[in-house]
Amino acid sequence: RISIPPGKSAIQVNALGYKSLKSQLFLASDTTIYISLQFSPFITEEIVVNSIRASADMPISASTIDKSEISKINSGADLPYLLNQLPSVVVTSDAGNGIGYTGIRIRGTDPSRINVTINGIPVNDAESHNMYWVDLPDIASSVENIQIQRGAGTSTNGASSFGGSVNIKTLSAAEQPFASASSSYGSFNTFKNTIQFGTGRIQDKWSLDGRLSKITSEGYIDRGSSDLKSFFISGGYTGN
């Protein structure tokens, strides 16, 4: 509620989470008016799980790569091979070309001491603490950014982060509807086919995003072939 003196006035009201209101008024006498703003939800990059991410002022050695960097090198190889150029990272591949069974070591530490999370949720095996990347083919196509922490750092698995952490954040909901398809071919008869879609915000509340992927390869090593399929579904609701 605001009070406006007599005469011609122009008002503009802004509030976070609401649509801006602009209006011209002409009042003959002192009048009290009531203003109601229309709710306008929105999604921003600020919605991030920060409790396991290292900030710039923390004494932790870390590297963060975003989806624009990942898309340049995403040729169908497992996620460890996309992180191969980061400091203190060494990767291995049973098939010899990075597709199928792969492993990652950070500062020489084996995978059972590397904490891997997706949106803050640990995905290491509950018993052995190992990480089986073959279970997540083409996860890189659904990633917003990845932070690698080297050495002891933040964790959701206690001692599992002794060697390092791999914190993955998946794509945020798309504001506008979209659909895309991509295919690539490489050595050793390697094929990667990906279809992605998003509904955008439906009635400013609901959203649905998805991905279908198929990766096949004969592998560099004899009898090291791969035939991988995966899907990714993300739904969201925005309300009061």
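Because the structure is predicted, anything quoted here is derived from the model rather than measured.

A.B. asks: Looking at this structure, how should I read the overall build of the protein chain?
C.D. replies: Helix and strand content of the protein chain: two helices and 15 strands. In terms of C-alpha radius of gyration, the protein chain reaches 24 Å, well past the compact-globule figure of 18 Å for 240 residues. Dimensions of the protein chain, computed from the C-alpha atoms along their principal axes, are close to 90 × 40 × 30 Å. Residues counted as buried form 40% of the 240 residues belonging to the protein chain. Pairs at least 24 apart in sequence give 55% of the contacts found in the protein chain among residues at least 6 apart. Accessible surface computed for the protein chain: about 13,900 Å², of which carbon and sulfur atoms make up 54%. Between the centroid of the 19 positive side chains of the protein chain and the centroid of its 20 negative side chains there is a distance of 7 Å.

A.B. asks: What am I meant to see in the environment of Asn130 here?
C.D. replies: Inspection of the secondary structure assignment puts Asn130 in the loop between strand S9 (121-122) and strand S10 (143-150). The class of Asn130 is partly exposed, set by a relative accessible area of 25%. Along the backbone, Asn130 and Asn115 are 15 residues apart, and their C-alpha atoms lie at a distance of 9.0 Å. Apart from the residues lying within four places of it in its own chain, the contact partners of Asn130 are Pro111, Ser112, Asn124 and Asp125.

A.B. asks: How should I be thinking about the nonpolar core in this particular structure?
C.D. replies: Side chains of a nonpolar character, in soluble globular proteins, are inclined to be buried together. By size, the foremost hydrophobic cluster in this structure holds 22 residues, and its most contacted members are Leu79, Leu83, Ile104, Trp133, Ile146, Val166 and Ile168. Mapped by element, the contributors of at least two residues to this core are helix H2 (79-82), strand S6 (89-93), strand S7 (102-106), strand S8 (114-118), S10 and strand S11 (164-170). Not counting chain neighbours up to four residues away, the residues in contact with Trp133 comprise Asp78, Leu79, Pro80, Thr102, Ile104, Val116, Val166 and Ile168. Counting five residues, the second largest nonpolar core, distinct from the first, contains Ile11, Leu25, Leu27 and Ile33.

A.B. asks: Sorry if this is basic, but what is going on with the pattern of salt bridges here?
C.D. replies: Oppositely charged side chains can pair when the atoms bearing their charge come close. Across all of its chains, the model carries eight salt bridges by this definition. Asp227 is paired through a salt bridge with Lys229; the nearest N and O atoms lie 3.5 Å apart. Ionic contacts of the salt-bridge type, sharing partners, join the residues Asp138, Lys192 and Arg211 into one network.

A.B. asks: Explain the packing of aromatic side chains to me, please; I cannot follow it from the model alone.
C.D. replies: One pair of aromatic rings is described through two measures. These are the centre distance and the angle between the planes. Summed over all chains, the structure comprises four aromatic pairs. Where Phe188 meets Tyr220, the ring centres are 5.5 Å apart and the plane angle is 75°; that geometry is what we call edge-to-face. Remark: Tyr220 occurs in the loop between strand S14 (206-217) and strand S15 (226-237) and Phe188 occurs in the loop between strand S12 (178-186) and strand S13 (190-198); sequence separation between them is 32 residues.

A.B. asks: What am I meant to see in the side chain of Asn167 here?
C.D. replies: In this fold, Asn167 is placed in strand S11. Overall, the relative accessible area of 2% leaves Asn167 in the buried class.

A.B. asks: Where do I start with the pairing of S14 in this structure?
C.D. replies: On a regular strand, each side chain points to the face opposite its neighbour's, so the side chains alternate between the two faces of the sheet. Relative to S14, S13 is paired through eight bridges, and the arrangement is antiparallel. By the bridge assignment, Thr194 is partnered in S14 with Ser213. Direction of pairing for S14 relative to S15: antiparallel, over a ladder of 12 bridges. Across the sheet, residue Ser207 finds its bridge partner in S15, namely Gly236.

A.B. asks: Before we go on, may I ask you to explain the environment of Asn189 in this structure?
C.D. replies: Turning to its location among the elements, Asn189 is positioned in the loop between S12 and S13. For the pair Asn189 and Asp138, spaced 51 residues apart in sequence, the C-alpha to C-alpha distance is 17 Å. Apart from the residues lying within four places of it in its own chain, the contact partners of Asn189 are Thr216, Ser217 and Glu218. Here the side chain of Asn189 touches Tyr185 through a polar contact of 2.8 Å, side chain to side chain.

What counts and what doesn't
- Residues numbered from 1 in each chain as written.
- Predicted model: local features only at pLDDT ≥ 70, side-chain atom pairs only at ≥ 80, totals over all residues.
- Heavy atoms only, no water.
- Helix = DSSP H or I, 4+ residues; strand = E, 2+ residues; numbered from the N terminus.
- Rg over C-alpha atoms; globule rule 2.2 N^0.38 Å.
- Buried < 20%, exposed > 50% of the residue type's maximum accessible area, 1.4 Å probe, protein only.
- Contact = heavy atoms within 4.5 Å.
- Areas by Shrake-Rupley, 256 points an atom, 1.4 Å probe, with all protein chains shown as cover.
- Lys, Arg positive; Asp, Glu negative; His and termini not counted.
- Charge placed at Lys NZ, Arg CZ, Asp CG, Glu CD.
- Core = buried A, V, L, I, M, F, W, Y, C linked by side-chain atoms within 4.5 Å.
- Salt bridge = Lys/Arg side-chain N within 4 Å of Asp/Glu carboxyl O.
- Phe/Tyr/Trp six-rings, centres within 6.5 Å; stacked < 30°, edge-to-face > 60°.
- Pairing = 2+ DSSP bridges.
- Polar contact = N/O pair within 3.5 Å; in protein donor to acceptor, adjacent residues only side chain to side chain.

Everything listed here is a matter of coordinates, which is why it stays silent on function.
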